[in-house]
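Observations on the model geometry
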Amino acid sequence: MTENGRIRTRFAPSPTGFLHIGGVRTALFNWLYARKNKGQFVLRIEDTDEVRSTEDSVTAILDSMRWLGLEWDEGPRDLASDFGPYAPYYQMKRLEHYRKYSRQLVENGAAYSCYCTKEELDVMRRQAQLEKRPPRYDGRCRALSEAQRKRLEAEGRKPSLRFKMPEEGNTLVDDLIRGQVSFENKLQQDFVIVKTSGVPTYNFAVVIDDHLMEITHVIRGDEHLSNTPSQLQLYLALGWKPPRFAHLSMILGPDGAKLSKRHGATSVLEYRDQGYLAPALRNYLALLGWSTPDSQQLFGGHELVDRFDLSGCQKSPATFDPVKLNWMNGEYIRKTPLPELVRLADPFLRRAGIEPNGGPSLDKAIALEHEKYKTLTEIPGLIEFFYKPVEFTTKAKEKVLSQPGVKQVLLELAVDLDQAEPFTDKALEQRVRQFCSIRGLKTGQVFHPLRAACTGRTEGPTLFLMLEIMGREMVVSRLKSAASGLS
RNA sequence: GCCCCCAUCGUCUAGCGGUUAGGACGCCGCCCUUUCAAGGCGGAAAUAGGAGUUCGAUUCUCCUUGGGGGCACCA
């Protein structure tokens, strides 16, 4: 906790690609924990990877976070500006801070210059692996004399800075999810804290920033657990109190490996574009590695925030299940009020080339099958027959329309329904049922051809309401046109 | 190779020494119904293996096996 007792969490992505499902799940848990505890949620961009960081990635991260509704209390506003008392929130704009503390560590003797080049280190590492030794840096530059340093620099070598790990003892990570995890110091290596370029490495920058930004709880992926002892030693050397740590289990793909690009859609924005609702994705992701004692599945409104607790976090990794996500998204769509659903569907309808000109209003059409959509992308396909010329499916043609007597039924129906007054759900049903009984036909013998003729399909919305929405003119003309195609 | 983590239905999970091992997705059956959904009801489906500790282990300990993560001048 900070001095005023506030809980502060952060999400600190590196902009080296789009924000993926695993990353955003971490963001979500930090956001939930902060909101639950009336704390603050900070967004910080860790762009110290000079070769892989891109502005497009930053934009994608900000867009993803905003779309998902994970609003941050401090952090970047856009590519050029930040807001919040600890600005800037882009690490590359914070180099002076890192410089200050790296200098301090060198002066204390806790860090030292290393003149080994990347190539030399690669050779050492390969050699070590060949000899089946652990691939650690051997600390050869630790005890360089002033003269040796001078000579290496005269060769044109630029030093990196390494942190001196203690050679004995253990570092204990006290994790909110995993409990106490112990690491042997002698197995750790003198890791680089500042690169030759003067840019800090992740392990260094993250410690400086989490401290300066008064982060109280570091909630992050499991893959960082083994970095934690290094970071803890840094806190110790700097004389700082470390934050609490909570390492979340990872998200796996269907094949059991860490979720990655090769598992299909992994970018948050892809889910948006595939018609998933932000609250549904949030709900699903929350359940990946977290649960309540009663295994509640659906969390409406603020329930997710209210019920969230780190103690409900799972230690074992979870497999991402797109099928369950689809179910949940359907649940959320069903609960979405119609006007909002129509608004959400808009870009998907445009993309599918559906315009409500001539046909019924979109909200009536969309409402008709409201309980059927699992994703927004399914909407156009389920209502397009209102707005586009009828295309008969094979099943409609073979199983329904080609049955004997259907042509006659359709023709008579066209005449009969043209007289229907009023042209509404109930009246139409009554009329068609009467039509059947007069002719001694079973309802199915009429209902099915009627649907097939008007929509081209064998399945669809409830029949008579659909006819009402379609309107007399379109219904009659489609009946005639379907009949004319039959012999 | 070394270090660390993990282990309940196919999947997400509840359980925190004594339960008919519960829920959810998916699957199967029935009902509703003009169809497809939605909804209702019901069903099949799990404690990785082996030693302990205990009157009693899904639960505690150890080992085995399996899975995952890490061992960069990437984060």
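Anyway, here's the lowdown on the structure attached to this text. (Residues numbered from 1 in each chain as written. Chains lettered and ligands numbered in written order. Predicted model: local features only at pLDDT ≥ 70, side-chain atom pairs only at ≥ 80, totals over all residues. Heavy atoms only, no water.)

Side note on the protein's contact with RNA strand B
- Residues in close proximity to RNA strand B total 66 residues, the closest being Cys116, Arg178, Thr196, Lys372 and His448.
- In RNA strand B, the atoms that sit within 4 Å of the protein are 73% sugar and phosphate, with bases accounting for the remainder.
- Note that a sugar or linking oxygen of RNA strand B is positioned 3.0 Å from one of the side-chain N or O atoms of Ser14.
- The separation between a phosphate oxygen of RNA strand B and a polar side-chain atom of Lys195 is 2.8 Å.
- Among the elements of the structure, helix 4 (118–130), strand 6 (160–163), strand 8 (179–184), strand 13 (318–319), helix 11 (322–335) and helix 18 (443–455) are those that each provide at least two residues to the surface near RNA strand B.
- Ranked by residue count, the leading element in the surface near RNA strand B is helix 11, at five residues. (Near = heavy atom within 4 Å. Polar contact = N/O pair within 3.5 Å; in protein donor to acceptor, adjacent residues only side chain to side chain. Helix = DSSP H or I, 4+ residues; strand = E, 2+ residues; numbered from the N terminus.)

Here's the deal with the sheet that holds strand 9 (residues 192–194)
- Spatial ordering of the open sheet is given by 5-6-9, a layout of three strands whose pairing is antiparallel. Every other strand in the sheet has two partners, leaving strand 5 (111–114) and strand 9 as the edge strands with one partner each. With direction set aside, neighbouring strand axes in the sheet form an average angle of 45°.
- Bridge count between strand 5 and strand 6: four bridges; the pairing is antiparallel. Counted as the bridge partner of Tyr112 is Arg162 from strand 6. (Pairing = 2+ DSSP bridges. Axes fitted to C-alpha atoms, helices over the stretch in contact; angles between N-to-C directions.)

Quick look at the packing of helix 15 (residues 394–401) against helix 18
- One can describe the packing of helix 15 onto helix 18 by two numbers: an axis separation of 10 Å at closest approach and a directional angle of 150°. As judged from the angle between their axes, helix 15 and helix 18 are roughly antiparallel. The interaxial crossing formed by helix 15 with helix 18 has left-handed handedness. The residues of helix 18 that touch helix 15, namely those facing Ala396, Val400 and Leu401, are His448, Pro449, Ala452 and Ala453.
- By residue class, the composition of the contact of helix 15 with helix 18 is six nonpolar, one polar and no charged. (Parallel < 35°, antiparallel > 145°, perpendicular 65-115°, else oblique. Left-handed = near helix turned anticlockwise from the far one by under 90°. Contact = heavy atoms within 4.5 Å. Nonpolar A, V, L, I, M, F, W, Y, C, P; charged D, E, K, R; others polar.)

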